[in-house]
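Residue-level listing of the chains:
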Amino acid sequence: MAVTDPIADYLTRLRNAQIAGHRVVIIPSSKLKKNMTEILYDQGYILKYKFEDEAGKGNQGEISIALKYEKDTRTPVIRKLIRVSKPGLRRYVKADSLPRVINGLGIAIVSTSKGLMTDKAARKENIGGEVLCYVY
(Lines give C-alpha, C1' and ligand atoms only; values in the text may rest on other atoms or scores of the structure.)
Protein backbone atom coordinates (compact mmCIF):
# COMPACT_ATOMS: atom_id res chain seq x y z
CA MET A 1 0.00 0.00 0.00
CA ALA A 2 1.32 3.43 -0.93
CA VAL A 3 1.92 5.91 1.87
CA THR A 4 0.85 9.46 1.03
CA ASP A 5 2.82 11.10 3.86
CA PRO A 6 6.02 9.15 4.63
CA ILE A 7 7.18 11.60 7.31
CA ALA A 8 3.93 11.24 9.26
CA ASP A 9 4.22 7.45 8.89
CA TYR A 10 7.80 7.59 10.25
CA LEU A 11 6.76 9.69 13.26
CA THR A 12 3.70 7.51 13.93
CA ARG A 13 5.76 4.32 13.90
CA LEU A 14 8.17 5.85 16.44
CA ARG A 15 5.28 7.06 18.62
CA ASN A 16 3.47 3.70 18.53
CA ALA A 17 6.64 1.71 19.32
CA GLN A 18 7.31 3.90 22.36
CA ILE A 19 3.74 3.57 23.61
CA ALA A 20 4.00 -0.24 23.25
CA GLY A 21 7.37 -0.21 25.04
CA HIS A 22 9.38 -1.73 22.18
CA ARG A 23 13.15 -1.51 22.26
CA VAL A 24 13.61 -1.52 18.46
CA VAL A 25 11.40 -0.29 15.64
CA ILE A 26 11.95 -1.13 11.96
CA ILE A 27 10.93 1.51 9.41
CA PRO A 28 11.07 1.45 5.58
CA SER A 29 14.03 3.52 4.47
CA SER A 30 14.37 6.67 2.37
CA LYS A 31 16.99 9.39 2.18
CA LEU A 32 14.78 11.83 4.14
CA LYS A 33 14.08 9.28 6.89
CA LYS A 34 17.80 8.47 7.16
CA ASN A 35 18.60 12.15 7.65
CA MET A 36 15.83 12.54 10.25
CA THR A 37 17.16 9.48 12.10
CA GLU A 38 20.68 10.91 12.15
CA ILE A 39 19.36 14.20 13.56
CA LEU A 40 17.41 12.38 16.30
CA TYR A 41 20.55 10.39 17.18
CA ASP A 42 22.81 13.45 17.22
CA GLN A 43 20.39 15.28 19.51
CA GLY A 44 20.18 12.30 21.92
CA TYR A 45 16.57 11.25 21.33
CA ILE A 46 17.35 7.69 20.17
CA LEU A 47 19.90 5.18 21.43
CA LYS A 48 21.31 3.94 18.10
CA TYR A 49 20.31 3.13 14.56
CA LYS A 50 21.31 0.89 11.67
CA PHE A 51 20.63 1.30 7.96
CA GLU A 52 20.01 -1.99 6.14
CA ASP A 53 20.05 -1.47 2.39
CA GLU A 54 18.93 -4.38 0.26
CA ALA A 55 20.47 -3.40 -3.08
CA GLY A 56 20.19 -6.84 -4.69
CA LYS A 57 16.44 -7.25 -4.22
CA GLY A 58 15.41 -3.85 -5.51
CA ASN A 59 13.81 -2.93 -2.21
CA GLN A 60 14.34 0.39 -0.52
CA GLY A 61 15.85 -1.12 2.62
CA GLU A 62 15.03 -0.60 6.28
CA ILE A 63 16.09 1.51 9.24
CA SER A 64 16.36 -0.22 12.62
CA ILE A 65 16.07 2.29 15.45
CA ALA A 66 16.83 1.43 19.09
CA LEU A 67 14.57 3.63 21.21
CA LYS A 68 15.83 5.42 24.30
CA TYR A 69 14.03 5.28 27.67
CA GLU A 70 14.69 6.81 31.08
CA LYS A 71 16.52 4.31 33.31
CA ASP A 72 14.43 4.69 36.46
CA THR A 73 10.89 5.16 35.19
CA ARG A 74 11.14 3.53 31.73
CA THR A 75 9.41 6.54 30.18
CA PRO A 76 10.42 7.39 26.60
CA VAL A 77 13.00 10.16 26.11
CA ILE A 78 10.87 11.54 23.25
CA ARG A 79 7.83 13.07 24.92
CA LYS A 80 6.14 14.39 21.77
CA LEU A 81 6.56 14.10 18.01
CA ILE A 82 4.39 16.62 16.19
CA ARG A 83 4.10 16.83 12.40
CA VAL A 84 3.98 20.52 11.42
CA SER A 85 4.12 20.77 7.63
CA LYS A 86 1.60 18.44 6.01
CA PRO A 87 0.94 17.59 2.35
CA GLY A 88 -2.26 19.66 2.43
CA LEU A 89 -0.71 22.66 4.18
CA ARG A 90 3.02 23.26 3.96
CA ARG A 91 4.67 25.43 6.61
CA TYR A 92 7.59 27.53 5.40
CA VAL A 93 9.45 29.99 7.60
CA LYS A 94 12.11 32.60 7.01
CA ALA A 95 15.41 32.52 8.87
CA ASP A 96 14.38 35.29 11.26
CA SER A 97 11.13 33.55 12.27
CA LEU A 98 12.33 29.98 12.91
CA PRO A 99 10.35 28.37 15.75
CA ARG A 100 11.79 27.74 19.22
CA VAL A 101 10.34 24.52 20.61
CA ILE A 102 9.70 24.75 24.37
CA ASN A 103 11.95 27.80 24.56
CA GLY A 104 14.92 25.90 23.15
CA LEU A 105 14.55 22.62 25.06
CA GLY A 106 13.11 20.75 22.07
CA ILE A 107 14.04 20.78 18.41
CA ALA A 108 12.31 21.53 15.14
CA ILE A 109 13.52 19.59 12.12
CA VAL A 110 13.71 21.95 9.14
CA SER A 111 14.18 21.07 5.47
CA THR A 112 16.42 23.76 3.97
CA SER A 113 18.29 24.29 0.74
CA LYS A 114 21.37 22.88 2.48
CA GLY A 115 19.57 19.72 3.63
CA LEU A 116 17.77 18.67 6.80
CA MET A 117 18.88 20.38 10.01
CA THR A 118 17.61 21.45 13.40
CA ASP A 119 16.15 24.89 14.02
CA LYS A 120 19.29 25.87 15.95
CA ALA A 121 21.58 24.95 13.06
CA ALA A 122 19.32 26.72 10.55
CA ARG A 123 19.33 29.83 12.75
CA LYS A 124 23.13 29.70 12.91
CA GLU A 125 23.36 29.32 9.09
CA ASN A 126 20.69 32.03 8.65
CA ILE A 127 18.52 29.82 6.41
CA GLY A 128 14.76 29.34 6.36
CA GLY A 129 12.83 26.37 5.01
CA GLU A 130 9.99 23.96 5.57
CA VAL A 131 9.35 22.99 9.21
CA LEU A 132 8.77 19.23 9.14
CA CYS A 133 8.22 18.37 12.80
CA TYR A 134 8.75 19.27 16.45
CA VAL A 135 10.50 16.86 18.83
CA TYR A 136 10.63 17.23 22.61
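Since the model is a prediction, treat every value here as computed from it, not as a measurement. (Residues numbered from 1 in each chain as written. Predicted model: local features only at pLDDT ≥ 70, side-chain atom pairs only at ≥ 80, totals over all residues. Heavy atoms only, no water.)

### Some details on the overall build of the protein
Counting secondary structure elements, the protein contains three helices and eight strands. Listing the helices and strands of the protein from first to last along the sequence gives α-β-α-β-β-β-β-β-β-α-β. Taken over C-alpha atoms, the radius of gyration comes to 15 Å for the protein, in line with the 14 Å a tight globule of 136 residues would show. Seen through its principal axes, the protein has C-alpha atoms that stretch 40 × 40 × 25 Å. In the protein, which comprises 136 residues, the share counted as buried stands at 40%. Taking all contacts inside the protein whose residues are at least 6 apart in sequence as the whole, residues at least 24 apart take part in 59%. Of the roughly 8200 Å² that the protein leaves accessible, carbon and sulfur atoms contribute 50%. Averaged over its 24 positive side-chain charges, the protein has a centre that lies 4 Å from the centre of its 14 negative ones. (Helix = DSSP H or I, 4+ residues; strand = E, 2+ residues; numbered from the N terminus. Rg over C-alpha atoms; globule rule 2.2 N^0.38 Å. Buried < 20%, exposed > 50% of the residue type's maximum accessible area, 1.4 Å probe, protein only. Contact = heavy atoms within 4.5 Å. Areas by Shrake-Rupley, 256 points an atom, 1.4 Å probe, with all protein chains shown as cover. Lys, Arg positive; Asp, Glu negative; His and termini not counted. Charge placed at Lys NZ, Arg CZ, Asp CG, Glu CD.)

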